[in-house]
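Chain residues, written in single-letter form:
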Amino acid sequence: MATATDEPEYIEGPMLVDGLLEKRRYQLRLAETAQRDHTLVCLPTGLGKTAVSLLVTAERLSEHGGTSLLLAPTKPLVQQHATFYREALTVDDDEVVVFTGDVRPDDRAELWDSASVVCATPQVVENDLVGNRVSLADVTHVTFDECHRATGDYAYNYIAERYHEDAQEPLVTGMSASPGGDKEEILTVCDNLGLREVAVMTEDDADVAEHTFQTDVEWERVELPETVIEIRDALNEVVSERLEKLKQLGVTNSTDPNMSQKQLNAIRAKLQELINNDNGDGYKGMSAHAEIMKLRRAVELVETQSVESLRRYFERQREDARSSGSSKASQRFVSEPRVKEAMRRAEEFDDLHPKFRRTRILLAQTLGIEDGERVIVFTESRDTAETLTEFLGEHFETRRFVGQGDKEGSDGMTQTEQKETLDEFRAGEFEVLVSTSVAEEGLDVPDVDLVLFYEPVPKGIRSIQRKGRTGRASEGRVVVLLAEDTRDEAFFWMSRNEEKKMEKELRKLKNMEGEIEVEIAEQRGLDEFESEGDRREPSEQASGEAASPDDESSGADGDTAEAATATEDADASDADGQAGLADFAGDVADEGESTEDDADTGDGDENEDEGDDPEATVATAAPDGETVEVVVDQRELDSHIARDLSTRDGIETRLETLEVGDYVLSDRVVVERKSVADFVDTLVGGDRSMFEQVGAAARYYARPVVIIEGEDLYGERNVHPNAIRGALASLAVDFGASVMQTADADETADLLEVVATREQETASRDVSVHGEKGGKTLTEQQEYVVGAIAEVGPVTARGLLEHFGSVEAVMTAEEEDLLEVDGVGEVTAGRIREVTGTEYAGTDRRDD
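Every chain is numbered on its own, with residues counted from 1 as its sequence reads. Residues qualify for local features only when their pLDDT is at least 70, as the model is predicted, and side-chain atom pairs are given and counted only at 80 or more; totals for whole chains, interfaces and linings, by contrast, use all residues. Values shown for side chains rest on all heavy atoms present in the structure; no hydrogens or waters enter the calculation.

What follows covers the pattern of salt bridges. If charged atoms from side chains of opposite charge come close, those side chains can pair. One side-chain nitrogen of Lys or Arg within 4 Å of one carboxyl oxygen of Asp or Glu is enough to make a salt bridge. One pass over the structure, following the stated rule, counts 45 salt bridges. Here Glu9 and Lys23 are joined by a salt bridge, their closest N and O atoms 4.0 Å apart. Within this pair, whereas Glu9 is found in the segment before helix H1 (25-36), its partner Lys23 is found in the segment before H1, the two being separated by 14 residues in sequence. The salt bridge partner of Arg426 is Asp423, with a shortest N-O separation of 2.8 Å. Linking Arg426 with Asp423, this pair stays in helix H17 (residues 415-426), spanning 3 residues, or about one helical turn. Here the term buried applies to any residue with accessible area under 20% of the maximum for its type, exposed to any over 50%, and partly exposed to those in between, with areas from a 1.4 Å probe on protein chains only. Given the relative accessible area of 29%, Arg426 is considered partly exposed. Each of Glu237, Glu241, Arg242, Glu291, Arg332, Glu336 and Arg338 takes part in a single network of salt bridges with overlapping partners. A run of H or I in DSSP becomes a helix once it reaches four residues, and a run of E becomes a strand once it reaches two; helices and strands are each numbered from the N terminus.

A separate point is the side chain of Ser116. The topology assignment puts Ser116 in the loop between helix H4 (105-114) and strand E4 (117-120). Residue classification places Ser116 among the buried positions, given a relative accessible area of 12%. Pairing of N or O atoms within 3.5 Å defines a polar contact, subject to two protein rules: one partner must be a possible hydrogen donor and the other a possible acceptor, and residues neighboring in sequence count only if both atoms are side-chain atoms. A polar contact of 2.5 Å, which involves the side chain of Ser116, links it to the side chain of Glu95. Contacts between residues were defined by any pair of non-hydrogen atoms, one from each residue, lying within 4.5 Å. Residue contacts for Ser116: discarding those within four places in its chain leaves Leu61, Gly66, Thr67, Ser68, Val91 and Glu95.

Predictor confidence is given residue by residue as pLDDT, running from a minimum of 0 to a maximum of 100. Of all residues in the chain, 73% have pLDDT values of 70 or greater, and the mean over the chain is 77. Taken together, the stretch residues 1-5 has pLDDT below 50 and engages in 11 contacts with residues farther than four places along the chain or on a different chain.

Among buried residues, those of type Ala, Val, Leu, Ile, Met, Phe, Trp, Tyr and Cys that are joined through side-chain atoms within 4.5 Å constitute a nonpolar core. Counting 55 residues, the largest nonpolar core has Leu69, Leu71, Phe144, Leu193 and Leu665 as the members making the most contacts within it. Beyond its immediate sequence surroundings of up to four residues, Leu69 is in contact with Trp112, Val118, Ala120, Val125, Leu136, Val139, His141, Val142 and Thr143. Ranked by size, the runner-up nonpolar core spans 37 residues in total, among them Val228, Ile267, Ala298 and Ala346.

What follows is about the packing of aromatic side chains. What counts as a ring pair is set by centres within 6.5 Å for rings of Phe, Tyr and Trp (its six-membered ring), and what kind of pair is set by the plane angle: stacked under 30 degrees, edge-to-face over 60, tilted for all other angles. Under the criterion given, the structure shown has 11 aromatic pairs. Where Tyr313 meets Phe333, the ring centres are 6.4 Å apart and the plane angle is 75°; that geometry is what we call edge-to-face. Linking Tyr313 in helix H12 (residues 307-322) with Phe333 in helix H13 (residues 328-335), this pair joins segments that are 20 residues apart in sequence. Taking the relative accessible area as the measure of exposure, Phe333 reaches 0% and is therefore buried. Between Lys355 and the ring centre of Tyr454, over which it is positioned, the NZ or CZ distance is 5.1 Å. Here, a charge over a ring is recorded when the distance from Lys NZ or Arg CZ to the ring centre is within 6 Å and its angle to the ring normal is within 35 degrees. Between Arg798 and the ring centre of Phe735, over which it is positioned, the NZ or CZ distance is 5.3 Å.

So, about a negative patch on the surface. A surface patch of like charges, here negative, comprises Glu814, Glu815, Glu816, Glu820 and Glu826. In this fold, Glu820 is placed in the loop between helix H34 (815-818) and helix H35 (826-837). Residues qualify for a patch when their relative accessible area is over 30% and they have no salt bridge, like charges being joined within 9 Å and the nonpolar side chains of Val, Leu, Ile, Met, Phe, Trp and Tyr within 5 Å. To be clear on the numbers: accessible area is Shrake-Rupley with a 1.4 Å probe, and residue cover counts the displayed protein chains and nothing else. Think of it this way: Lys and Arg go in the positive column, Asp and Glu in the negative one, and His and the chain ends go nowhere. For charged residues, the charge sits on one atom: NZ in Lys, CZ in Arg, CG in Asp, CD in Glu.

Written out as structure tokens, the structure reads:
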């Protein structure tokens, strides 16, 4: 336990402001380790992980210059780090810059070159790297804050990969209070970030213990009132009934409404297998499964949150069911008699959830009887945060703290509002902060007297993060509310077991650092370029690693590798008997040669004029002779395709807000990418946007390509195969588009690389981005108008226009004349005459 100490000493050093950083031995020891190699720094929340990173940054900037990059998962945390760095480093304030989505991409590119320290959210840096706006070549230190996030497809992993490839003198520091639930998770984080050292400090260490106080965790059980139990049981009855239907399909043996999420995921996987095998029961089962998930969410809210949260959820479900395109699951959910009864009882319930009462009592004890100053209440639900803030505000000075997005029917907070709220909380302008998970990770929330968990969280990492808000400057208290006989119980045990396991693993890691480093080395294959016992400094490592040829800093060093790559592609047939790109070149026209046949989309000179109009050009670029360029639409960043392409040798990606297409591969090739689900949705939802998009692509590019990504095109939904074949035929015949299918995003990226390389290297074509979706030619406008009549579609519309010669003639044609057109039967002809010949009913009669 911490005790009173003498006047603190302060750290002195290059680039550090004197008299600011208190000298703490554990921070200095961690920084010393992190300065030597790529290091995972593990330190309990609230004990100054950022100070450790700052010490490493100051040393690297003073010794090697360049830029330091600090990444954090949320905007408030990024702003907090920037403020601390400006206070603690002797650089000008404007040399510490903040990169978030609020800063324009062009401004970020300009600021990057002049900055000493960049504090950023990872998604922004990922986008700038994919768009080739910034270079990591001169970055001498990268900090990954809350690095336990470096799993799956999180942006940290991509940035780390690029950094190790591109930087001349890389050094990585990963920081977390809770890097993983077991050794394997921790090793995964280390592998993804390229970390080779693990430096752990726990509260058991003497150097740390003198700066901490005891934190007691109390678990308080509350009993649900009878009405709440009855509402829950009614909803669970419906869950069991829906599970019985799934049991009859053979995808589950249980009808227990309290089955785990893991079991529900397994059921979904089995239903997907039925769909893949063209079994129609799979679709019915999926709809039932979706309804079960809605019901379980309702049960969770009434059990663990509040009846008010349930009421808000019901209202959103009613709104969803009324909206166009609502799912059958949503409609069944709100029309089920027992659910409607639960809704009615929830509306009539005028009592408080017992957790509300207990929260008020605990706050009164802490802030009143015990003269406390500040309390944080954490909750999982934004609805509950709203309701709690209103309820507690009647008794205490209370503010909410939630994320920025509009979620669960509640307005979010802007970045400015978040910052102002935290500043006021630190200044003591209010007593109670009611927060969702946004305040869990790393935010410099002042030490508080009580941290109240409105409900247990199922992850040990999050529990540790929350509890770290107290017990740093004085003795702290943590209380977790738990509703008896609810899923709170399961979450309690999950969190507790994982937390104990994590603490145990961290202690083991501390005692077996050498063994861990060996495992990390084996995972990363360091023995391929580092001899046993020969640990090189980061600057020496960089000089021995191959530079990425698609980075601007590579210069001439990348020329040979890229030329070799191109030669290998072109000469593949010589190497292994298989054809290479050059073998399929065909009679490709020279760059200056006329390609009237290629450019003709059926609209004659009108299209050609529009395609050459300089006002229709958004941007133009040409390959530099060393790399192949792929221009990517900003909206495609949800897929990892662009990120994947940007890491490939000889490929350079550029981001644009494209008016036409998703990927531009040359002056004549544009690609529209559709998932199988999106493609099929256009056939059943009446959405003609796909055909409009491909039409625009065909108008501005000679070789439009449609890539359909995914498997089981004919089994995705209950759509007749002929409808799908008709759509494919329309794309190819009516729009002149090449239709290709890929299994997944990886295969799509491979295909894009091959086509772009063939176009730019084999055919020596430039890259041009041009065209606007909005402007339709006169011919297309005519087809659009006729195609909208009774939804006859573009193919029939062309037939009608060719037969009658004008839109006016189609509108006035008699039914027997309409029947003379190929593709127009009695039903279609009758609908056309009904739409064009019936008197307009007006607004008053629209619903008749």
